[in-house]
Each structure stands twice: as structure tokens, then as C-alpha cells.
Amino acid sequence: MARIVLFGATGFTGRLTAEALTRRGARPLLAGRDQARLTALADSLAGSPGGDLPIAVADVGRPESVRALVAPGDVLISTVGPFTRWGEAAVAAATEAGAVYFDSTGEPTFIKRIFQRYGPAAATRGAALVTAFGYDYVPGNLAAALALRKAGADAVRVDVGYFVGGDMARRASAGTRASMLGMLLEPMYGFREGRIVPEHGRTRRFLVDGRPRHGLSIGATEHFTLPPAHPGLREVNVYLGWLGGLTKVAGVLARATPVIAALPGARRVTEALADRVLRTGGGAAAPAAGASGVSSRIVAEAYDARGRRLSSVHLSGGDPYEFTAGVLAWAATTALAEGVRGTGALGPVDAFGLDALTRGCAAAGMTVREPA
């Protein structure tokens, strides 16, 4: 029988996702490279509705062990990051098996790779690859699609902003910090004049909860998923607003990234720093659900060719990690029961439809609200 496979189950996001899956009554196969930790996780979940969970040892260093996890019709969730370095084994396994694949990445280079390299191969094998299915970047896809539906055919540009409240720096897991280090020297992109283009350091201001918030541009799934569904779009912008008053400074530094990345040894340094973060761990202690003190706000605004704002949609949620785990659990259980819409590299709306995705995000704690 088809099943849900959770690869990277003992990591921070993986553990949260395992808990969310069992709360929904699912019995995922817990997979990772450490049998003792897998056994401990399975034991800790034994009393949950989906308890008594199977485990399997697999390691990206042995791609055949990852391939052995997945069969046709399965749903594979990967939380193994940094994805640019370690994520491809799971994608390849899902593609070869003709499975449905979700991951928790937020890394622009990996996202681009999924759409441009793996998507066509997945389509020929009957596999569906839905990357970045978490706080990065499901809410922005949802908000933008809703804003574009409200705006109608005159919309040619959409801007999306991601913002958090509370101490996100303290909340960030070791895996998130390692991924962010890996992203420092990676090329960013935007969508301009109907195509993906290189981009570094663009910033803009949004009005969030009645006050100005600044965001720094980043490559995301919205650049690939929104234009095919809305042929009139000529520009898609995505901004992260986690840096507050330092956003403009970060924008200046981002514009220097291509020069820094070209320096001999620069990438080796960032990889070594990322490895150290993963070894030392720390941070991201898991509080009780809803107790982290971190909140989420996502804004999407659609504009016409004259720069006139046509519509605005705001989403409100809680802790980004809790949302990621919840929405991955919703997606995996829904895909197992009902399948997804299409094959190849898909966006969240492509995979489930706008109304179903709205309900799924609400179930995971991210709801639509009127702009303040």
C-alpha cells in the first residue's frame, strides 16, 4: 500500500512534522541516518493516534538507501538540509519512483534546480515535485493567487512580503542557520518582463499591521509558479522582512555578492561555517505548540501597468516552524488520500487548487484577513 515517508525525521523540522502527521492519524515511515534516534522518536510518538511507527535507515551519502524508501504512489517528505548540498538524493528517488514529493526548503538555488532541471524528468516519470512547501513559500503563493484573483486581468505585477514578529533569530534551528549561510553567496533571481532574471539587493517597504516594514528580495517559488497560471503577469517580486532596519544595509551587501562569490575559497568558507553550525547545533528549543512567541504576516499586492495597486491580501499566522510542520502534514495526508493535480514541478496552488490550499493553510494556522 502507498505510504508517507518522512526523510530527515529526527531533525528539528522533521520531528515537528512527524508529530503533526501523527496528530492527523497518519503512520509515516520515519527515515534518517541514525537508527537510535529514529527508534527514540518512534517510541516518543507511540501513544499518539498514528503511533507504533515503522523506521528505516537511509543516508544521502548512499543514494541507493534513499531510493529504497520510495515506491510508486508513495508520498515522500524531505526535511534534509541544507538542500542545495544534500537534497538531491530525495528528489531523484521520488522522480524515479513516480512518487509525490514535498520538502521544507527555502533555498533559492535548490528551488530553481527543481523547476528547471528535475521538473521535466519528473513529468515524464509521472512524479510530482512540490518544493518549498512550508512557511517558505506556501503562504506567499496563496496570498498572491488570492490577490491576483481579486485584481483580475489588468494585473501585470505582484509583490509578496514575508514578515515575522517576535525573536525569530533565537527561534531559528541549526538547519535554518546552516541553510542561510549556504545562501549567502548563491545567485538570487526575480521575474521581469516575462522571464527569470538575476537579481541582488532590491528592497521595498510594505504596510503591515498599520506600520511600515522593509523587505529584501529573494528567489522563491512564486517566480516560477505564478506566471504560468496568470499569463498577464510581467513581474513577480518576493521579499523577506526579517531584518528590520538593517534591510537596506543588507541590500547593499547583497549587490556585492557576485564579486564576493568569485573570490577563491569563498564558498568553501561558507560551507565550513554551515557544517560547524550543524555540528554544534543549539537554539530552536521546541516549545509547546503556540508558545514560541513568534508570529507571521504575509502580504501580497497586485498592480496594473500604470503602477496602480489593484488588490491586497494579508495572511496572519503563528510560528513559522509550526506552520511548516502542519502544512506539510496536511499536504502529505491529502496527497495520499486524493493525489495531486498534475506531474512535474508544481506550485502549491497547482497541486491542490486555490480553495483547498486556503483550507489547508487555515488548518495549519495561517488565515486570510483584511488589511489593517
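Residues numbered from 1 in each chain as written. Predicted model: local features only at pLDDT ≥ 70, side-chain atom pairs only at ≥ 80, totals over all residues. Heavy atoms only, no water.

**Description of the confidence of the model for the protein**
Working step 1: Of all residues in the protein, 80% attain a pLDDT of 70 or more, and the chain-wide mean is 86.
Working step 2: In this model, residues 269–275 is a region of pLDDT below 50 whose contacts with residues beyond four sequence positions or in other chains number nine contacts. (pLDDT = per-residue confidence, 0-100. Contact = heavy atoms within 4.5 Å.)

**Quick look at the pairing of strand 7 (residues 157–165)**
Working step 1: Buried residues dominate strand 7, accounting for seven of its nine residues.
Working step 2: When strand 7 meets strand 12 (residues 235–240), the two strands line up parallel, connected through six bridges. Paired with Val160 across the strands is Val238, a residue of strand 12.
Working step 3: Bridge count between strand 7 and strand 13 (residues 295–303): nine bridges; the pairing is antiparallel. Residue Phe163 lies in a different strand from strand 13, and its bridge partner there is Arg297. (Buried < 20%, exposed > 50% of the residue type's maximum accessible area, 1.4 Å probe, protein only. Helix = DSSP H or I, 4+ residues; strand = E, 2+ residues; numbered from the N terminus. Pairing = 2+ DSSP bridges.)

**Points about the pattern of salt bridges**
Working step 1: What the rule picks out here adds up to 17 salt bridges.
Working step 2: Salt-bridge contacts for Glu199 lead to Arg192; the nearest nitrogen and oxygen are separated by 2.1 Å. This pair shows no difference in class: Glu199 is buried, exactly as Arg192 is.
Working step 3: Here Glu301 makes a salt bridge to Arg309, at a shortest N to O gap of 3.2 Å.
Working step 4: Bridged by salt links that share partners, the residues Arg157, Asp159, Arg204, Glu301 and Arg309 form one connected network. (Salt bridge = Lys/Arg side-chain N within 4 Å of Asp/Glu carboxyl O.)

**Here we look at the sheet that holds strand 6 (residues 128–130)**
Working step 1: Within the open sheet, the seven strands sit side by side as 3-2-1-4-5-6-15. Their pairing is parallel. Edge positions in the open sheet fall to strand 3 (55–57) and strand 15 (344–345), since each of these has one partner strand only.
Working step 2: Judged from the three bridges that link them, strand 2 (residues 29–32) and strand 3 form a sheet pairing that is parallel. In the sheet register, Leu30 faces strand 3, and the bridge partner there is Ile55.

**Structural notes on the environment of Asp319**
Working step 1: The topology assignment puts Asp319 in the loop between strand 14 (309–317) and helix 14 (320–338).
Working step 2: With a relative accessible area of 3%, Asp319 lands in the buried category.
Working step 3: In this structure the side chain of Asp319 is engaged in a polar contact, spanning 2.7 Å, whose partner is the backbone nitrogen of Tyr321. (Polar contact = N/O pair within 3.5 Å; in protein donor to acceptor, adjacent residues only side chain to side chain.)

**Quick look at the side chain of Thr334**
Working step 1: Here Thr334 is to be found in helix 14.
Working step 2: A polar contact of 2.7 Å, which involves the side chain of Thr334, links it to the backbone oxygen of Trp330.
Working step 3: Not counting the four nearest positions on each side in its chain, Thr334 is found in contact with Gly339 and Phe352.

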